[in-house]
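Structural characterization, general
Given next are the chains, with one letter for each unit.
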Amino acid sequence: MPVPSDRGLVIVYTGKGKGKTTAALGIVLRAVGHGYRVGMIQFIKGEWYYGELTSSKRLEPEFEMIAAGKGFVGIIDDDHPLEDHQQAAKQALAVAREKLVSGAYDVLILDEINYAVKLNLLSDQDVLDLITSRPQKTTLVLTGNYAPESVLQAADLVTEMREIKHPYQSGIKAKKGIDF
């Protein structure tokens, strides 16, 4: 039986290599170019400045980005208790549910949601519930390392980014406009 052409996809970008969020932002550019409405909820990022915070404003009103996290969990300058990160992830999940079931978006991107599961900020069942509750026309994009096997099985497209070489290995720090 043929799949309807207006059926959205479940897309997962995962793996230890760089480029997962960047690939999702590529979908934003394509979708907005066709006049589609796109939302992005960032589950981990939120307190640092990074370029997409400013550039996303240029794509409004077709693109809405919500930085809902408290920053990267457990790294050197993370001054939040784990409970704060868990609460932020649960609030981001509630926003994602609301945005998804509204039917207002053609594409909804859940940035770093896989990593939020790995860090026990959310459960893989939380993610599966989002996948099953999405309107059929909506494409759902999930990014982040460590995508759970159950999410991989539920997806239509899975791409794993694999690091072969990284500038950090040569002592090159994160580059403005490239890494953030």
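Structure first, text after, so check above.
Residues numbered from 1 in each chain as written. Predicted model: local features only at pLDDT ≥ 70, side-chain atom pairs only at ≥ 80, totals over all residues. Heavy atoms only, no water.

1. Looking at the sheet that holds strand β2 (residues 38-42)
Where we set the bar: The pairing criterion for strands is at least two bridges between them, as found by DSSP. Here a helix means four or more residues in a row that DSSP labels H or I, a strand means two or more in a row labelled E, and each is numbered from the N terminus. Between N-to-C directions, angles span 0 to 180 degrees; the directions come from axes that are lines fitted to C-alpha atoms, helices contributing only their stretch in contact.
Spatially, β3-β2-β4-β5-β1-β6 is the arrangement adopted by the six strands of the open sheet, whose pairing is parallel. For this open sheet the edge positions go to β3 (63-67) and β6 (157-160), each flanked by a neighbour on one side alone. Strand-to-strand, the axes of this sheet are offset by a mean angle of 10 degrees, without reference to chain direction. Alignment of strand β1 (residues 10-14) against β6, held across four bridges, turns out to be parallel. Paired with Tyr13 across the strands is Thr159, a residue of β6.

2. Side note on helix α1 (residues 20-33)
Within an α-helix, residues lying three or four positions from one another point in the same direction, as the helix has 3.6 residues per turn. Formally: Multiplying one less than the number of residues by 1.5 Å gives the expected span of a helix. Between buried and exposed lies partly exposed: a residue is buried under 20% and exposed over 50% of the maximum accessible area for its type, with that area taken using a 1.4 Å probe on protein chains only. Each C-beta atom gives one direction from the helix axis, and the arc is the one those directions make.
The end-to-end C-alpha separation of α1 is 20 Å, in line with the 20 Å expected for 14 residues at 1.5 Å each. When we look at burial in α1, the residues that qualify are Lys20, Thr21, Ala24, Ile27, Val28, Ala31 and Val32. Down the axis of α1, the sector holding all buried residues measures 125 degrees, keeping them to one side. Opposite the buried face of α1, at more than 90 degrees from it, the exposed residues are Thr22, Leu29, Arg30 and Gly33. Looking one or two residues past α1, Gly35 carries a phi angle of roughly 80 degrees, positive in sign.

3. Overview of the packing of aromatic side chains
The line we're drawing: Note on aromatic pairs: the rings of Phe, Tyr and Trp (six-membered ring only in Trp) are paired at centre separations within 6.5 Å, and the planes decide the class, stacked below 30 degrees, edge-to-face beyond 60, tilted for the rest. Placement of a positive charge over a ring is assigned whenever Lys NZ or Arg CZ falls within 6 Å of the ring centre and within 35 degrees of the normal to the ring plane.
Evaluation of the coordinates by the stated rule reveals one aromatic pair. The interplanar angle of 20 degrees and the centroid separation of 6.0 Å between the aromatic rings of Tyr115 and Tyr146 together place this pair among those described as stacked. You can see Tyr115 sitting in helix α4 (residues 113-118) and its partner Tyr146 sitting in the loop between β5 (139-143) and α6 (149-154), a full 31 residues away along the chain. Owing to a relative accessible area of 36%, Tyr146 belongs among the partly exposed residues under this scheme. If you follow Lys118 out to its NZ or CZ, it ends over the ring of Tyr146, 4.8 Å from the centre.

4. So, the environment of Arg7
Let me state the cut-off plainly: Residues count as neighbours in contact if any of their non-hydrogen atoms are within 4.5 Å of one another. What qualifies as a polar contact is a pair of N or O atoms within 3.5 Å, subject to a donor-acceptor requirement within protein and to the restriction that residues adjacent in sequence count only when both atoms come from side chains.
Residue position: Arg7 is located in the segment before β1. With 132 residues separating them along the chain, Arg7 and Thr139 place their C-alpha atoms 7.9 Å apart. For Arg7, the contacting residues outside a window of four places in its chain are Arg134, Gln136 and Asp156. Polar side-chain contacts of Arg7 include one of 3.2 Å to the side chain of Asp156.

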